[in-house]
Amino acid sequence: LDPSSVSANTTNDHDLTFDAINVSDDGNTDSFTVTIPSAATLESANSVSVVDANGTDVSLSGGPDVSGNEITFDVAPDSSADTRTLSVTANVTVTAPDVENETTADITVDVSDSNNGQDSADVTLTVEPAEEDRFDTNGEPGIQSGEVLNAISAFNEDTRIGGEPVESGDVLDVISAFNEA
């Protein structure tokens, strides 16, 4: 998963890449389902590509279809082999939820092979609180002028806010958040 770590309340394109090993090469439908954590919002499935171990493109026989936080797509490889190893890359756009602390959740990939073989795997998405959230100390929406001053003071005095040292980039981020309000 790239990126595997994002900031809260941001919308990001992610590349999810995985290998499906020993997929039946019988011309029958093999189905893939990718489930995004329910706290996040799946905005779109931008592309799905499937390539076999020889670098040959394998066409989708269905999808990608988006329903809620699930993406489904199918392949039906048919060549002279009994099975094939497929490398799958799905590019999806996901909006991360608002979090106050670092939060992890699994993205699940389920594969159902035409010969009734099934498997699943998880990959972890980490959502970090928005950087300015640690500077929002008064409970008011957005960053206020007093919080900008607190960030500047903490930087100048080499003190911590939210348990972390305040760097010059943090001060600039807080000023930008104040200006955006």
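Calculation notes
- Residues numbered from 1 in each chain as written.
- Predicted model: local features only at pLDDT ≥ 70, side-chain atom pairs only at ≥ 80, totals over all residues.
- Heavy atoms only, no water.
- Helix = DSSP H or I, 4+ residues; strand = E, 2+ residues; numbered from the N terminus.
- Rg over C-alpha atoms; globule rule 2.2 N^0.38 Å.
- Buried < 20%, exposed > 50% of the residue type's maximum accessible area, 1.4 Å probe, protein only.
- Contact = heavy atoms within 4.5 Å.
- Areas by Shrake-Rupley, 256 points an atom, 1.4 Å probe, with all protein chains shown as cover.
- Pairing = 2+ DSSP bridges.
- Axes fitted to C-alpha atoms, helices over the stretch in contact; angles between N-to-C directions.
- Phe/Tyr/Trp six-rings, centres within 6.5 Å; stacked < 30°, edge-to-face > 60°.
- Patch = residues over 30% accessible without salt bridge, like charges linked within 9 Å, V, L, I, M, F, W, Y side chains within 5 Å.
- Salt bridge = Lys/Arg side-chain N within 4 Å of Asp/Glu carboxyl O.
- Lys, Arg positive; Asp, Glu negative; His and termini not counted.
- Charge placed at Lys NZ, Arg CZ, Asp CG, Glu CD.

(A) Structural detail: the overall build of the protein. Within the protein, the regular secondary structure consists of two helices and eleven strands. Here the C-alpha radius of gyration of the protein, 22 Å, is well above what a compact globule of 181 residues would show, namely 16 Å. Counting only C-alpha atoms and orienting by the principal axes, one finds that the protein spans roughly 70 × 25 × 20 Å. Taking all 181 residues of the protein together, 34% fall into the buried category. Long-range pairs, those at least 24 residues apart, make up 70% of the contacts in the protein with a sequence separation of at least 6. Taken as a whole, the protein presents about 9,900 Å² of accessible surface, with 41% of it coming from carbon and sulfur.

(B) Representation of the sheet that holds strand E4 (residues 41-52) within the structure. On the basis of which strands lie adjacent, the open sheet formed by three strands has the order E2-E7-E4 and antiparallel pairing. Here the strands that pair on one side only, and so sit at the sheet edges, are strand E2 (11-26) and E4. Direction aside, the axes of adjacent strands within the sheet are offset by 20° on average. Inspection of the sheet shows E2 paired to strand E7 (residues 78-95) by 13 bridges, in the antiparallel sense.

(C) Structural context of the packing of aromatic side chains. Tallying each qualifying case throughout the model produces two aromatic pairs. Ring centres of phenylalanine 18 and phenylalanine 32 lie 6.1 Å apart, and the angle between their planes is 45°; this geometry places the pair in the tilted category. Of this pair, phenylalanine 18 sits in strand E2 while phenylalanine 32 is found in strand E3 (residues 30-35), placing the two residues 14 residues apart along the sequence. The buried category is assigned to phenylalanine 18, whose relative accessible area is 14%. An aromatic cluster is present here, built from Phe18, Phe32 and Phe73 joined pairwise through their rings.

(D) Quick look at a negative patch on the surface. A surface patch of like charges, here negative, comprises Glu70, Asp106, Asp110, Asp119 and Asp122. Put simply, the parts of the chain that give the negative patch at least two residues each are strand E8 (103-112) and strand E9 (118-128). Relative to the assigned elements, aspartate 106 resides in strand E8. Taking relative accessible area as the criterion, aspartate 106 reaches 37% and is therefore assigned partly exposed.

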